[in-house]
Amino acid sequence: MATTYQLKRADFVFKNENDWEQVLSSIIRRSPQELINELISSELKGRGGAGFPTGLKWKITSELKADQKYVICNADEGEPGTFKDREILQRVPYKVLTAMAACGYVIGSNEGYIYLRGEYKFLEPELLKVIDEFEYFCKEINLDFKVKIFMGSGAYICGEETALFESMEGKRGEPRNKPPYPSTFGYMGKPTVINNVETLAHAFTIFKYGAKKFYDLGVQYSRGTKLFSVSGDTPKPGIYELELGMSLQDFVYEFGDGDTKAVQVGGASGFLVPRKKFADTAIGYQGKLTGISLPTGGSMMLFNSSRSMFNVLDNYLEFFREESCGQCTPCRVGCQQLLIGIKAVKRGERPATYLDKLLRLTETMQYTAKCGLGQSVANSFSSIVENFREEMIY
Amino acid sequence: MSPIQSLIKDLADQYGRKRESLLPILQGVVEQEKYLSEYSMVEIAREIDIPAAEVYGTATFYSFLEVKKMGRFIIRVCKTITCSMKGKSQVLFAIQDMLKIKIGETTADGRFSLLETNCLGLCHKAPAMLINNEVYTDLTPEKIREIISDYMTK
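Chains are numbered independently. Their residues run from 1 in the order of the written sequence. Numbering of ligands from 1 and lettering of chains from A proceed in the order in which they are written. Residues qualify for local features only when their pLDDT is at least 70, as the model is predicted, and side-chain atom pairs are given and counted only at 80 or more; totals for whole chains, interfaces and linings, by contrast, use all residues.

Before going further, it helps to spend a moment on the domain arrangement of chain B. What marks off one domain from the next here is an automatic or database domain assignment. Domain parsing of chain B yields domain 1 (3–59) and domain 2 (73–152). In this structure, domain 1 of chain B and domain 2 of chain B have C-alpha centres spaced 29 Å apart.

Turning our attention to the sheet that holds strand β2 (residues 111–116) of chain A. Paired through backbone hydrogen bonds, the strands of a sheet run either parallel or antiparallel to each other. All names here are of chain A. The strand order across the open sheet formed by 4 strands is β3-β2-β1-β4, and the pairing between neighbours is parallel. Of all the strands in the sheet, just β3 (146–151) and β4 (192–196) have a single pairing partner and so form its edges. Across this sheet, the average inter-strand angle for adjacent strands is 20 degrees, counted without regard to direction. Pairing between two strands is assigned when DSSP locates at least 2 bridges connecting them. Numbered from the N terminus, helices here are DSSP runs of H or I no shorter than four residues, and strands are runs of E no shorter than two. Pairing analysis gives 5 bridges linking strand β1 (residues 70–75) to β4, with the strands arranged parallel. Bridging from a neighbouring strand, I72 pairs with I194 of β4. For the purpose of contact definition, each residue receives a C-beta atom placed from its backbone, and two residues are in contact when these atoms lie within 7 Å. Working convention: axes come from line fits to C-alpha atoms, limited for helices to the stretch in contact. Angles between N-to-C directions cover 0 to 180 degrees. Along the sheet face, helix α7 (residues 161–168) touches β1, β2, β3 and β4 and points at about 100 degrees away from the line of β2.

Residue and element names in this part refer to chain B. Pairing in this open sheet of 4 strands is mixed, and the strands run β2-β1-β3-β4 from one edge to the other. Because the sheet does not close on itself, it has two edges, and the strands there are β2 (112–117) and β4 (134–136). Going across the sheet, the axis of each strand differs from the next one's by a mean of 20 degrees, ignoring polarity. Of the strand pairs in this sheet, strand β1 (residues 73–78) and β2 are connected by 6 bridges, and their pairing is parallel. Bridge pairing in β2 places R76 opposite L115. Strands β1 and β2 of the sheet are contacted by helix α6 (residues 88–99), whose axis makes an angle of about 155 degrees with β1.

Residues and elements named next belong to chain B. The terminal C-alpha atoms of helix α2 (residues 22–33), which comprises 12 residues, lie 16 Å apart, in line with the 16 Å expected from a rise of 1.5 Å per residue. Residue burial is a threshold on neighbouring C-beta atoms within 10 Å of the residue's own C-beta, all placed from the backbone, with 20 or more meaning buried, 12 or fewer meaning exposed, and counts in between meaning partly exposed. The set of residues buried in α2 consists of L22, L23, I25, L26, Q27, V29 and V30. Following α2 by one or two positions, K34 adopts a phi angle in the positive range, close to 75 degrees. Every helix has an expected span of 1.5 Å times one less than the residues it contains.

On to the pairing of strand β10 (residues 271–274) of chain A. Residues and elements named next belong to chain A. Strand direction decides the pairing type here: strand β9 (residues 260–265) and β10, joined by 4 bridges, are antiparallel. Bridge pairing in β10 links A262 to P274. In this structure, the hairpin formed by β9 and β10 is closed by a connection of 5 residues, where G266 is found at a positive phi of approximately 90 degrees.

For residues besides glycine, phi is generally negative; the peptide bonds are generally trans as well. Residue P179 of chain A is reached from K178 of chain A by a cis peptide bond, and omega for that bond is -5 degrees. Topologically, P179 of chain A is positioned in the loop between α7 and β4. For the peptide bond that leads from A126 of chain B to P127 of chain B, omega is -10 degrees, which places it in the cis range. Positionally, P127 of chain B belongs in the loop between β2 and β3 (129–131).

Taken together, the contacts link 37 residues of chain A with 30 residues of chain B. Sorting the residues of the side of chain A that touches chain B by element identifies α7, β7 (225–232) and α11 (309–323) of chain A as the ones contributing at least two each. The biggest single contributor to the side of chain A that touches chain B is α11 of chain A, with 6 residues. Three classes are used, and their members are as follows: Ala, Val, Leu, Ile, Met, Phe, Trp, Tyr, Cys and Pro are nonpolar, Asp, Glu, Lys and Arg are charged, and the others, Gly among them, are polar. Of the residues assigned to the side of chain A that touches chain B, the class counts are 13 nonpolar, 14 polar and 10 charged.

Okay, structure coming up:
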């Protein structure tokens with residue numbers, strides 16, 4: 001069943017607004033409860049990909065009593081095909097900082113961190129300047145809030161929130177068991193709100209223009225706009241802000257090169273959608289009533305008919321094998337065996353039916369892996385193998 | 001006190017001597033030395049008073065914290081899907097041809113090291129690479145020859 005939504009462009013995140021001082025001043029004149037309600041009624045969900053309601057996150061942490069709480073901005077953008085957070089921090093960093101300070105005000109925290117991935121080290125000098133200016137203004141309006149940058153060192157897994165805390169605590173970036181969740185037990189064991197860069201940028205928009213403006217965009221369960229990182233076989237790669245809920249068909253019509261064979265939605269840990277399913281696929285969070293709805297951290301990679309899906313899967317698996325933290329067996333061994341397995345099938349050393357065995361392995365990983373990395377390998381693996389089985393074999 | 005010892009002491013003065021200070025200290029040493037020698041890892045362990053094995057275990061987890069001797073300029077070519085589709089191999093060939101080294105090797109003069117890395121977040125300008133912290137995008141073999149020649153004189 002095709003959706004009827006057209007591609008709707010928007011321009012909030014990158015709109016250059018030099019009024020963050022006023023926005024921040026007006027934020028701290030409102031009560032924390034009012035701000036939480038504003039966020040909750042906007043139905044903003046985490047833009048890193050997982051989609052947890054942001055207002056709820058802030059609310060849970062605000063209700064806890066602790067001697068110290070933390071606000072963390074997750075800028076460990078490592079998902080293949082995602083590059084929006086870098087652009088946000090480059091072009092509108094003050095929006096992110098304002099939203100972090102607002103969060104600090106709401107939950108009662110005076111310490112914020114930006115966990116910046118090692119690959120983005122080149123952003124650091126400029127960002128430090130902006131933070132200086134920002135902290136100076138906070139002092140002026142008597143808001144006790146400091147922001148520090150914590151540099152990562154090249155580990156995809158540190159984008160997982162609990163692995164990120166471990167990394168900040170000076171340890172190997174190995175995810176923790178959940179629960180407890182960061183809201184109650186985060187960085188240094190203290191209640192912590194951790195938000196994606198883009199989520200914070202949207203929070204700025206909501207505080208400035210009100211929840212309704214945001215809520216009116218998008219579709220049911222997937223409100224507002226989202227930045228999409230478009231790459232691959234497209235004549236116009238780049239970052240685009242679009243309303244959620246669009247059909248993949250419309251997306252490809254706009255961004256495809258006329259020969260689009262498949263689109264990878266949500267990066268290597270997301271799903272590959274073949275052409276025949278474009279019309280039935282919408283981009284948004286789960287829970288939409290019609291058709292399939294795929295969530296995404298914003299990565300949209302297009303592949304045209306010249307691409308071998310075997311090579312694509314091989315590349316993903318190589319990525320996962322290297323980036324698996326090695327802590328839990330299903331993910332560590334699973335990623336290795338999947339890679340060995342598809343190569344063996346390709347070379348004819350294993351029968352085609354071996355692919356079904358590998359599919360069952362990904363299913364096991366989905367149930368038993370400790371964190372999202374191991375669990376989501378199944379997404380791309382099964383969607384590629386099931387839709388392009390012949391390319392895996394011949 | 002050896003130069004590395006005093007570097008580590010300075011870093012510890014700046015970031016503290018707690019476990020949370022470990023990553024910034026490791027990064028500080030790598031920034032200067034380009035890698036972590038066994039000696040510097042032992043010294044870091046001594047300075048912040050944790051087992052050396054913990055320092056080693058943490059350092060080896062992160063791909064940007066090298067524990068092998070590296071050249072002054074570390075070239076990291078992105079090998080993830082979009083870059084690999086958009087001509088990463090030709091870029092690599094061009095670099096290898098110029099520097100006469102393979103992936104994972106360092107030139108004899110200790111100037112360049114060549115590595116592959118996972119997604120740099122520059123897929124819309126693929127293929128991309130880093131030289132130390134500097135970003136280079138939309139690479140072609142011609143562009144590579146220009147960039148590398150430039151670095152050869154540095």
